[in-house]
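Survey of secondary and tertiary structure
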Amino acid sequence: MPVEIPKDAHSCTVKCGKKKVTLTSLQTVFWPDLGKTKRDLLAYYSCIAPVLVPHLRDRAVVLKRYPDGIAGEFLLMKRVPPYKPHWLDACAIEQRSGGVIDFPVVQDEASLLWIVNLGCIDLNPWYGRCDRTDRPDYLHFDLEPVPPAAFSEVRQVALRVKSYLDKRGAPSFPKTTGSHGLHISVPIYRKPVQKEVLEAAKRIAIELAKLHPDEITTEPRISRRPPGRVLIDYNPNAWGSTLASAYSVRPLPQAPVSAPLRWREVKAGVAEEHFTMDSMPARIKKVGDLAAPLLKKRPRCPLESLA
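Residues numbered from 1 in each chain as written. Predicted model: local features only at pLDDT ≥ 70, side-chain atom pairs only at ≥ 80, totals over all residues. Heavy atoms only, no water.

What follows concerns the overall build of the chain. Along its length, the chain carries six helices and 14 strands. A compact globule built from 307 residues would reach a C-alpha radius of gyration of about 19 Å, and the chain, at 19 Å, matches this within 12%. Counting only C-alpha atoms, the chain reaches 55 × 40 × 40 Å along its principal axes. Residues counted as buried form 54% of the 307 residues belonging to the chain. Intrachain contacts of the chain at a sequence separation of at least 6 include 68% that bridge at least 24 residues. Taken as a whole, the chain presents about 14,300 Å² of accessible surface, with 52% of it coming from carbon and sulfur. (Helix = DSSP H or I, 4+ residues; strand = E, 2+ residues; numbered from the N terminus. Rg over C-alpha atoms; globule rule 2.2 N^0.38 Å. Buried < 20%, exposed > 50% of the residue type's maximum accessible area, 1.4 Å probe, protein only. Contact = heavy atoms within 4.5 Å. Areas by Shrake-Rupley, 256 points an atom, 1.4 Å probe, with all protein chains shown as cover.)

Given below as structure tokens:
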């Protein structure tokens with residue numbers, strides 16, 4: 001059951017199992033156009049915690065904090081703050097500089113709410129789990145329209161990606177970005193290191209762009225992207241990069257959510273504005289966790305099969 005957060009309180013303490021979490025600044029308006037507050041954000045995450053937490057568990061989370069809501073400045077923070085509760089787990093990751101950063105980890109509803117209470121609107125987990133952070137268990141593609149291309153073109157290119165992967169026996173799972181694009185996740189064996197995963201994603205994206213040059217670009221520089229194409233961005237597979245998790249609310253005016261989809265919904269012409277903080281709990285209740293197959297040990301595919 002979701003925790004009870006008083007509607008008129010400015011702060012409160014809630015119990016999640018045996019843990020207590022103090023929630024603060026509950027009346028701060030996070031979405032001015034909607035009149036939605038930090039309390040609304042916390043209530044949403046508490047409601048969907050049973051489906052969200054498994055996708056975050058055992059993974060470092062990069063904190064992007066919006067203490068004043070989407071109209072204010074954000075603060076990017078990686079290291080667990082020193083005032084963390086004793087029960088909050090951390091994931092130690094060595095940086096290229098040689099230093100080590102202790103990232104926070106969402107293991108349960110209590111840690112989820114504690115992190116969201118910092119002002120984190122969306123949640124950005126690491127691709128590799130904490131026991132092997134250098135070995136991702138997913139390969140990702142981030143599809144974005146290059147104006148004047150629209151979401152309909154993104155859907156068409158997503159189906160191109162799916163067809164390519166299907167021919168190689170690789171399962172794939174789409175979700176909205178919460179903006180104007182789509183994410184496609186491919187579960188893989190945890191053998192390749194991050195650089196190998198990035199190289200494989202780059203090869204696939206470039207090959208697709210060669211097959212469909214009038215539809216797809218992989219140009220990383222915004223100024224040089226041909227108009228009307230869809231960017232297949234493979235760079236989110238680089239070490240240290242992240243994408244918003246499934247069910248993350250995005251810091252945009254209508255409080256959209258990064259929503260897992262069925263491929264038949266992509267084909268049928270689903271619109272990204274259908275999925276918001278208000279509508280997502282009812283959708284989950286109706287269709288369940290469409291991203292749940294990503295949590296299973298199988299199906300997974302060896303990276304070399306995608307070449």
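Of the voids in this model, the largest pocket is the one considered here, and its volume is about 530 Å³. The wall of the largest pocket is formed by 26 residues, among which Lys64, Asn124, Thr242, Ala244 and Arg250 lie closest to the centre. Of all the elements in the fold, those that place two or more residues in the lining of the largest pocket are strand S5 (61-65) and strand S10 (138-145). Looking at which element gives the most residues to the lining of the largest pocket, the answer is S10, with four residues. (1 Å grid on protein atoms, 1.4 Å probe; cavity = no way out; pocket = protein on both sides within 12 Å on 5 of 7 lines; lining within 4 Å. Points joined across faces, edges and corners; volume = space filled by probe spheres on them.)

Tallied over the entire structure, the rule returns one cavity of 30 Å³ or more. Looking at the largest cavity, its volume works out to about 300 Å³. Forming the walls of the largest cavity are 21 residues, and the residues nearest its centre are His140, Lys175, Ser185, Ala246 and Leu294. Element by element, the count of residues in the lining of the largest cavity is highest for strand S11 (residues 173-176), at three residues. The residue makeup of the lining of the largest cavity, split by class, is 14 nonpolar, five polar and two charged. (Nonpolar A, V, L, I, M, F, W, Y, C, P; charged D, E, K, R; others polar.)

A word on unusual backbone geometry. With an omega of 5°, the peptide bond between Pro147 and Pro148 qualifies as cis. In this fold, Pro148 is placed in the loop between S10 and helix H3 (151-166). In this structure, Ser25 is a non-glycine residue whose phi angle is positive, near 50°. As for its placement among the helices and strands, Ser25 is situated in the loop between strand S2 (19-23) and strand S3 (29-31). Overall, the relative accessible area of 38% leaves Ser25 in the partly exposed class. If you check the backbone angles, Ala255 has positive phi at about 50° while not being a glycine. Position of Ala255 among the secondary structure elements: in the loop between strand S14 (230-233) and helix H5 (263-268).

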